[in-house]
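What the coordinates show
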Amino acid sequence: MLLDLSIHELNKGLDEKKFSSVELIEEAFSRIEQLNPVLNALITVREKEQVLQEARRADATRTEKTSVLHGLPFVLKDSYVTQGIQTTAASTILKDFIAPYNATVYQKLLNAGAILIGKANMDAWGHGASSENTDFGPVKNPWDTTRVPGGSTGGCAVAIAVRMCAFAIGEDTGGSIRNPSAWCNTSGLKVTYGRVSRYGCIAYASSFDTVGPMGKTAEDCAMVLEVIAGKDPYDATSSPHAVLAYGSAIQKPRPLVVGLPHEALGEGVDAEIVKGVKTTAALLEREGYTIKEISMPMLSYGVAVYYQIAPSETSSNLARYDGVRYGQGRDQFTDETKRRIMIGTYALSTGYADKFYHNALKARTLFIEAYKKAFESCDVLLMPVMPFHAPKLGELIADPLKNALTDALTTTQNPVGIPSLAVPIGFSSSGLPMGAQVVGPMFFEEKILSVGYRIQQLTEFHKKKPAL
Amino acid sequence: MSAISTKTTAHIASLANLPLSEKEIQTLTPQLDSVVSYTTKTSQLNTDAVEETAQVTGLENIFREDEVDTSRMFSQEEALANARQTHKGFFVVPAVLEER
């Protein structure tokens, strides 16, 4: 299949006229027509003839100067506004919403000549870890369609895994890119806070939200990152920090020190996942990386701190959905979204704000100090993404606390703002994908991507596809 | 002993402008309590001498010139396009003042 090829290989093939963008689009649509009714990965699929026209134009305008993303099909999590195209955040409240402007990340990809195929299903407003908290039907895991793909960016991970696109843009607030990447056997990057503009990204928790690339490999994520990163005058929190040529920077071999936090590899994490991470560490050690066992007790407070700050911020961000300027009424929020709004409202309310919200912001400072200390002796950290394997549909959405605890290993990075890359590291004894995350200091995406790239030179897990 | 009662839930729902039925209040209360109780785990941490962190950019006072950028302006039609109810070029809003 053409869409099995990496972004680098797709470019080579397009440059050498071995195939065309039109053929890539035809293949993507064929996969969508065959599999979207089963997997429910996409809420909106663009009109095929219009997309083919864009592909023909891409083929006609291709030069040696066009972007590496020129002519490649991609999907966006349906939390990004796309002018003239339905944007729902997977909620009934926005089911009729036609966005009047473009998110910066979308505009950048259009400017690069990439081709939007559709908008991906997700947990509404980013609220979830399974892509079941959606008003458009749950997304199914292509490795076992009785199971969840993870969330909240489930639709994108599935679309990549079954070749509905060459890459995708997801969003990570507490693990929402990394979680489905791990459970669907794809790669996904939670960037440094401020690395990529959030303008036009429907906000969940404004001080945690990140816009990030998802793809088949770390290298693909690096190539997309190069195009989407950078300061944006429309996003005051976007960083002036220099954008590197990530695609080439990650190929430089470097003997990094990789920390293994012991609290992320013990009780509470499935034994096969722990073994997978340790095996990966051993592989890196044979290649000249130094593996260092460290202790980070703060890691066990991730969910408790996250579930005070994120709901507080979402209760504020979702106040705008009052059915006046756009959208349906507030009675249309799902139960899980109502819970998160209410947890946040409670945490901010008179008599409780100091104990919950303000105290959580102090704990946030402790997280920052804990990671700072870890990065004094380590270049990057390696840890599992998920504490268990993809559950059956219905399990998590029925149990709010279990649902929250799914995020145990991915909720300390966002409050601190540090980047983390999820990559495949193997399969469970029942054939379910497992992922590890490579965590780094702020603005060191090239370090974590280089480790992911190296893991993918040493292993073949990321090349496996589901049987569908 | 639960921290959140149905009375609390109803109060929070009113603060959050969420219209909840009696049945929803009954169902949501123990669910909210279970998650909120879990989060009180943070009281185990010593935060006495610790400063709050509200955001992690390290940036301050990001300004722009006070100039109109017409390329970013909506026309009146564009601004009204997604509203459920409009009236002669205005948004229709729920009544704020009571009629005499």
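Reference entry: report on the structure contained in this document. Remember, predicted model here, so these are calculated numbers, not experimental data.

Things to note about the overall build of chain A
The secondary structure content of chain A amounts to 15 helices and 11 strands. For a compact globule of 468 residues, the expected C-alpha radius of gyration is about 23 Å, and chain A comes in at 20 Å, within 12% of that figure. When its C-alpha atoms are laid out on the principal axes, chain A stretches across 60 × 60 × 45 Å. Put simply, chain A has 468 residues, and 68% of those count as buried. In chain A, of all internal contacts separated by at least 6 residues, the share reaching a separation of at least 24 is 76%. As displayed, chain A offers around 14700 Å² of accessible surface, 52% of which is attributable to carbon and sulfur atoms. Computed over 47 positive and 49 negative side-chain charges, the separation of the two mean positions in chain A equals 2 Å.

Quick notes on the pattern of salt bridges
Residue and element names in this part refer to chain A. For the coordinates displayed, the defined rule picks out 22 salt bridges over all chains. Among the ionic pairs, Glu33 bridges to Lys48, the shortest N-O distance being 3.8 Å. Of this pair, Glu33 sits in helix α2 (residues 21–39) while Lys48 sits in helix α3 (residues 48–61), and the two are 15 residues apart along the sequence. Between Lys447 and Asp379 there is a salt bridge, with the nearest N and O atoms lying 3.1 Å from each other.

Quick word on the nonpolar core
If you look at soluble globular proteins, the nonpolar side chains tend to sit buried side by side. All names here are of chain A. Core analysis: the largest hydrophobic core is formed by 160 residues, its most contacted members being Trp125, Phe167 and Leu449. With 11 residues, helix α12 (residues 354–377) is the single largest residue contributor to this core. For Phe167, the residues in contact, after removing those within four places along its chain, are Ile7, Leu69, Leu72, Pro73, Phe74, Val75, Leu109, Ala114, Ile160, Met214 and Val224. By size, the runner-up hydrophobic cluster in this structure holds 7 residues, among which are Val148, Trp183, Val385 and Ala422.

Observations concerning the interface of chain B and chain A
Across the boundary between the two partners, chain B contributes 48 residues, which contact 59 residues of chain A. Carbon and sulfur atoms supply 67% of the area buried between chain B and chain A, which totals about 4700 Å² over both sides. Of all residues in chain B, B:Val56, B:Asn82 and B:Arg84 give up the largest surface area on contact with chain A, accounting jointly for 14% of the area buried on that side. On the surface where chain B and chain A come into contact, there are 1 salt bridge. As a salt-bridge pair, A:Lys338 and B:Glu24 come within 2.7 Å of each other at their nearest N and O atoms. Scanning the region where chain B abuts chain A turns up 19 residue pairs in polar contact (both at pLDDT 80 or more). Mapped by element, the contributors of at least two residues to the side of chain B that touches chain A are α1 (6–15) and α2 (22–39) of chain B. Top element by residues in the side of chain B that touches chain A is α2(B). It accounts for 9 residues. Among the residues forming the side of chain B that touches chain A, the class breakdown is 26 nonpolar, 15 polar and 7 charged.

A closer look at the state of the cysteines
Residue and element names in this part refer to chain A. According to the stated counting rule, one finds 0 disulfides over all chains in the structure shown. There is no disulfide at Cys221, and the cysteine sulfur nearest it, in Cys165, is 11 Å away. Look at Cys221 and you get buried, because its relative accessible area is 0%.

Considerations on the environment of A:Thr44
Residue and element names in this part refer to chain A. Relative to the assigned elements, Thr44 resides in strand β1 (residues 42–45). Taking C-alpha positions, Thr44 is 29 Å from Ser238, a pair spaced 194 residues apart along the chain. Those residues in contact with Thr44, other than ones at most four positions away along the chain, are Ile85, Gln86, Gly118 and Lys119. Here Gln86 takes part through its side chain, which lies 2.9 Å from a polar atom of the side chain of Thr44.

Structural notes on unusual backbone geometry
Residue and element names in this part refer to chain A. The omega torsion across Gly151 and Ser152 is 5°, close enough to zero to call that bond cis. The topology assignment puts Ser152 in the loop between β3 (115–120) and α5 (154–161). Its identity is not glycine, yet Asn40 carries a phi of approximately 60°, on the positive side. The topology assignment puts Asn40 in the loop between α2 and β1. Of note in this structure, Trp125 is not a glycine but carries a positive phi near 60°.

Overview of the sheet that holds strand β7 (residues 257–261) of chain A
All names here are of chain A. Strand order across the open sheet formed by 11 strands is β1-β3-β2-β4-β6-β5-β10-β11-β9-β7-β8, with mixed pairing between neighbours. Across the chains shown, the open sheet's two edge strands, defined by having one partner strand only, are β1 and β8 (290–294). Between one strand axis and the next, the sheet turns through 30° on average, direction left out of account. Here helix α4 (residues 104–111) sits on the sheet and contacts β2 (73–77), β3, β4 (167–172) and β6 (210–215); the angle it forms with β2, its principal contact strand, is near 175°. Along the sheet, helix α9 (residues 271–286) contacts β7, β8, β9 (380–384), β10 (420–427) and β11 (433–439); its crossing angle with β9, the most-contacted strand, is approximately 150°.

What to know about α1(B)
Residue and element names in this part refer to chain B. Turning to α1, its buried residues number three or more, namely Thr8, Thr9, Ile12 and Ala13. Summarising the axial view, the buried residues of α1 lie within an arc of 135°, below the 170-degree limit, and thus occupy one face. Turned more than 90 degrees away from the buried face of α1 sit Lys7 and Ser14, all of them exposed. Just beyond α1, the residue with positive phi is Asn17, at close to 55°.

Notes on a nonpolar patch on the surface
Together, B:Val93, B:Val96 and B:Leu97 make up a nonpolar patch on the protein surface, roughly 360 Å² of accessible area in all. Turning to its location among the elements, B:Val93 is positioned in the segment after β2 (90–91).

A look at the pairing of strand β5 (residues 187–190) of chain A
Residue and element names in this part refer to chain A. Residues Ser187 and Leu189 point to one face of β5 and Gly188 and Lys190 to the other, with burial holding for every one of them. One ladder, built from 2 bridges, connects β5 with β6; its direction is antiparallel. In the strand pairing of β6, Ser187 is matched with Gly215. In the sheet, β5 pairs with β10 via 3 bridges, with the strands oriented antiparallel. Note that in β10 the partner of Lys190 across the bridge is Ser420.

Re the side chain of A:Ser197
In this structure, A:Ser197 sits in the loop between β5 and β6. A distance of 2.6 Å separates the side chain of A:Ser197 from the side chain of A:Asp232, its partner in a polar contact.

About the criteria used
Residues numbered from 1 in each chain as written. Chains lettered and ligands numbered in written order. Predicted model: local features only at pLDDT ≥ 70, side-chain atom pairs only at ≥ 80, totals over all residues. Heavy atoms only, no water. Helix = DSSP H or I, 4+ residues; strand = E, 2+ residues; numbered from the N terminus. Rg over C-alpha atoms; globule rule 2.2 N^0.38 Å. Buried < 20%, exposed > 50% of the residue type's maximum accessible area, 1.4 Å probe, protein only. Contact = heavy atoms within 4.5 Å. Areas by Shrake-Rupley, 256 points an atom, 1.4 Å probe, with all protein chains shown as cover. Lys, Arg positive; Asp, Glu negative; His and termini not counted. Charge placed at Lys NZ, Arg CZ, Asp CG, Glu CD. Salt bridge = Lys/Arg side-chain N within 4 Å of Asp/Glu carboxyl O. Core = buried A, V, L, I, M, F, W, Y, C linked by side-chain atoms within 4.5 Å. Buried area = accessible area lost by both parts, 1.4 Å probe. Polar contact = N/O pair within 3.5 Å; in protein donor to acceptor, adjacent residues only side chain to side chain. Nonpolar A, V, L, I, M, F, W, Y, C, P; charged D, E, K, R; others polar. Disulfide = S-S within 2.5 Å. Pairing = 2+ DSSP bridges. Axes fitted to C-alpha atoms, helices over the stretch in contact; angles between N-to-C directions. Arc of directions from axis to C-beta. Patch = residues over 30% accessible without salt bridge, like charges linked within 9 Å, V, L, I, M, F, W, Y side chains within 5 Å.

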